[in-house]
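Notes for the structure review
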Amino acid sequence: MTITANSQLSNVFSQNLESITSKTDGLLPTLGAELVYTQDGAGRYLTFCWQYSELLGLSTEKIVDDLNQTQTFVPVDKVTYLERLHRILTNLVPERFQCWFSYQKELFELDLVISPIMPSLGTTATTVLVMGRLVQATLNKKQARVASKTPTQIELALRSQQHQKLVNRITRNIRRTLDLDIIWQQTVDSLGKALRLERCIICPYQPSSSKVQVKAEYRQPELKSMLGSDIDIASEPAFAQALATLEPVMMEVTGYKESGRQKTLVVATCYQDQANGLVALNWQDECYTLTESELELAKEAADQLGTAIAHATLYEELEIARQKAEEASRLKSEFLANVSHEIRTPLNGMIGFLKLILEGMADDPEEQNQFLTEAHQLSIHLLNIINDILDIAKIEAGKMELAYAPVKLDELFSHVEGFMRPQAEMRNLSFRMQMPATSDEIIVQSNYQRLLQVMLNLVGNAIKFTHEGGVTVSADLVLKKANFQDQQFPGMVRVRVADTGIGVSLDKQDKLFQLFSQVDGSRTRQYGGTGLGLAISQKLVEAMGGEVHFYSLGEGLGSTVTFTVPLYQQPVMVSSNDSDSTSSAEC
């Protein structure tokens, strides 16, 4: 209440002081303060109204007489209080201050505004109007040494009022934002400061996890921070019980005690009866014990927080899904632009060469055949692009059907070498193919055409992205039983394609196997291509029971791609001694 408002009230009271002092029950309760009384200059009560009177055992009928006769509800520092009273009556200026009062065994800290009641013009003020509220209540220090920790009725009423305001404040705060970090930190700060806690932490909870992590913390400065630390639920009985019952749990917790004996209240936050977090409140053991109503308030605050966490989590998931959808749309648009460019380039070349022939621009039959050869090669390139697009469409639609049969690895390698060695030599690159040392053939269970397609894709990429050095294609056996299509195979064959090319930076490698994604997505990229090769290869290898992996230490450091296929039958390996004797015989 402002000084102006108090002056207005003083003027109202000055109109008829006798009427005011005789109508305590009628007028004072209507002033809107929990504590209202009037006093003369000696500190004697003229009227008295307080909402906690009945809890103190004060009779409302003769409350003024009781207070004046027994002198029980008085300022602790009575001399200072009376000096302030006299100053207000002399200066006629209202004052606001906090003052401790004592009543029987209890102490009350009151926030008071004292205003002089202005008498008729020309006379001196002799009476004050006091309005205030209770800040806190505690036991008298002399009695506290032997008193029980059980709270008094007025303490319970005050605490209940304070805690309800706290719950309302927390609810208002968490409804203002969907940012979980802000919600968590505001909650622990509000609880910690209002309840004067040693520590307050919040841990989000996932049913699939056996641990929780401290995401927000309020603590006293002398305590070591727990922010970011993991807590094993099984090692903390209070945590486990709160999650199991969804009820507040009060007990000692050994996980974070730094100073003396402490108690902890653990409350599970939940949404639709599913726990999604834990709140732990720590305080000194000497503090009062929480009542049932206060535990209910704690549960109410936890429910509000649980709902806020659920809504914020849902919003976060929706935002991530939206961003992924936008990214997918962007990638598809970029992919379509690149593919249209890749299709248009060979098509324009074919049209150009054929037009030269039709218009008789070839100087001789040899040049005409050269034009036809170029147009034919461009048509093959165009066909390969279209086949890649059709393959992706089939894979995405789940209509890629493969027939499996035994495939001889040496025949496959020979076919790949026939296609790829000329391309490597045209770029002045070395090209090597290495088979495992065995005394009989290596046979895999696969689809020959699709396996050939995978190898041509991988080796073609290696040659395209290598400027100097070379490409090495090798195979080795992984003799560990594997299951595929309800059959058991004796092992896997791992094929490795290694190059000394441009490599890929670590932060871009996750794009390599994504559909509609390229490490360099711009239309003017140096190397061209649709970006489908690796994605198709991965899908085909997985359909044939294997896995694809990519390795590169970074840009300019080369790349290695490996893939596996099931081994049809285990070959007889050639030992090192056999290799040595064979070499000696050849010499």
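Computed from a prediction, not measured in an experiment: that's the story for all the values here.

1. Regarding the overall build of the protein chain
The number of helices and strands found in the protein chain is 16 helices and 22 strands. Looking at the protein chain as a whole, 43% of its 587 residues qualify as buried. A separation threshold of at least 6 residues defines the contact pool for the protein chain, and within that pool the share at least 24 residues apart is 63%. Summed over its atoms, the accessible surface of the protein chain is roughly 31,900 Å², and 51% of this surface lies on carbon and sulfur atoms.

2. Thoughts on the environment of Ala-482
Mapped onto the fold, Ala-482 is located in strand S18 (residues 482-484). Residues in contact with Ala-482, not counting those within four places in the same chain, are Gln-487, Gln-488, Phe-489, Gly-491 and Met-492.

3. Notes on the confidence of the model for the protein chain
Within the protein chain, residue pLDDT values average 77, and 74% of them lie at 70 or more. The element-level mean pLDDT for the protein chain is lowest in helix H7 (residues 141-144), coming to 42, with strand S20 (residues 491-499) highest at 94. Below pLDDT 50 for its whole length, residues 1-7 participates in 10 contacts with residues either more than four positions away or in separate chains. Long-range and interchain partners of residues 581-587, a stretch whose pLDDT sits below 50, account for 0 contacts in this model, where long-range means more than four residues apart.

4. Regarding the nonpolar core
Phe-431, Val-473, Val-493 and Phe-563 are the most contacted members of the largest nonpolar core, which totals 43 residues. Of all the elements in the fold, those that place two or more residues in this core are helix H13 (409-426), strand S15 (430-434), helix H14 (448-464), strand S17 (470-478), S20, helix H15 (533-543), strand S21 (548-551) and strand S22 (559-569). In contact with Phe-563, other than residues within four places in its own chain, are Leu-451, Val-454, Met-455, Leu-458, Val-493, Arg-494, Val-495, Val-541, Glu-547 and Val-548. In this structure, Val-64, Leu-67, Cys-99 and Leu-112 belong to the second largest nonpolar core, which totals 30 residues.

5. Quick look at the pattern of salt bridges
A full pass over the atoms with the stated rule returns 12 salt bridges. Here Arg-133 and Asp-111 are joined by a salt bridge, their closest N and O atoms 3.6 Å apart. With Arg-133 in strand S6 (residues 127-139) and Asp-111 in strand S5 (residues 106-117), this pair connects stretches of sequence that are 22 residues apart. Arg-421 is the salt-bridge partner of Glu-417, the closest N and O atoms lying 2.5 Å from each other. On the criterion of helical spacing, the pair formed by Glu-417 and Arg-421 is a turn pair, its members being 4 residues apart in helix H13. What makes Glu-417 partly exposed here is its relative accessible area of 26%. The network of salt bridges with common partners includes Arg-84, Arg-87 and Glu-95.

6. A look at the packing of aromatic side chains
A complete count under the given rule lists 11 aromatic pairs for this structure. Where Tyr-45 meets Phe-48, the ring centres are 5.4 Å apart and the plane angle is 90°; that geometry is what we call edge-to-face. Look at Phe-48 and you get buried, because its relative accessible area is 3%. Positioned above the aromatic ring of Phe-97, the side-chain terminus of Arg-84 is 3.9 Å from the ring centre.

7. Structural notes on unusual backbone geometry
If you check the backbone angles, Leu-246 has positive phi at about 60° while not being a glycine. Mapping Leu-246 onto the fold places it in the loop between helix H10 (237-245) and strand S11 (249-251). With relative accessibility at 18%, the residue Leu-246 sits in the buried group. Positive phi is not limited to glycine here, since Asn-428 has a value of about 60°.

8. A word on a negative patch on the surface
On the surface, Asp-179, Asp-181, Glu-316 and Glu-317 cluster together to form a negatively charged patch. Relative to the elements of secondary structure, Glu-316 occurs in helix H11 (residues 292-358).

9. Comments concerning the pairing of strand S7 (residues 199-204)
Among the 6 residues that make up S7, 5 are buried, leaving the element largely enclosed by the rest of the structure. Sheet topology places S7 next to strand S9 (residues 216-219); 4 bridges connect them, and they run antiparallel. The partner of Ile-202 across the bridge, within S9, is Ala-216.

10. What to know about the packing of H14 against H15
In the contact formed by H14 and H15, the axes pass within 9 Å of each other and the chain directions differ by 145°. Of the two possible hands of crossing, H14 and H15 adopt the one that is left-handed. Only Gly-533, Leu-534, Ile-536, Ser-537, Leu-540 and Val-541 of H15 make contact with H14, whose side of the interface consists of Arg-450, Gln-453, Val-454, Asn-457, Leu-458 and Asn-461. Its residues placed into classes, the contact of H14 with H15 shows 6 nonpolar, 5 polar and 1 charged.

11. A closer look at H13
The end-to-end C-alpha distance of H13 is 26 Å, a good match for the 26 Å that 18 residues give at a rise of 1.5 Å each. Of all the bends in H13, the largest measures some 35° and sits at Met-420, one to four residues before the proline Pro-422. Those residues of H13 lying buried are Leu-409, Leu-412, Phe-413, Val-416, Met-420 and Ala-424. Immediately downstream of H13, the backbone of Asn-428 shows phi near 60°, a positive value.

The rules behind these values
- Residues numbered from 1 in each chain as written.
- Predicted model: local features only at pLDDT ≥ 70, side-chain atom pairs only at ≥ 80, totals over all residues.
- Heavy atoms only, no water.
- Helix = DSSP H or I, 4+ residues; strand = E, 2+ residues; numbered from the N terminus.
- Buried < 20%, exposed > 50% of the residue type's maximum accessible area, 1.4 Å probe, protein only.
- Contact = heavy atoms within 4.5 Å.
- Areas by Shrake-Rupley, 256 points an atom, 1.4 Å probe, with all protein chains shown as cover.
- pLDDT = per-residue confidence, 0-100.
- Core = buried A, V, L, I, M, F, W, Y, C linked by side-chain atoms within 4.5 Å.
- Salt bridge = Lys/Arg side-chain N within 4 Å of Asp/Glu carboxyl O.
- Phe/Tyr/Trp six-rings, centres within 6.5 Å; stacked < 30°, edge-to-face > 60°.
- Lys NZ or Arg CZ within 6 Å of the ring centre and 35° of its normal.
- Patch = residues over 30% accessible without salt bridge, like charges linked within 9 Å, V, L, I, M, F, W, Y side chains within 5 Å.
- Lys, Arg positive; Asp, Glu negative; His and termini not counted.
- Charge placed at Lys NZ, Arg CZ, Asp CG, Glu CD.
- Pairing = 2+ DSSP bridges.
- Axes fitted to C-alpha atoms, helices over the stretch in contact; angles between N-to-C directions.
- Left-handed = near helix turned anticlockwise from the far one by under 90°.
- Nonpolar A, V, L, I, M, F, W, Y, C, P; charged D, E, K, R; others polar.
- Expected span 1.5 Å × (residues − 1).
- Bend = angle between axes of the 7 residues up to and from the residue.

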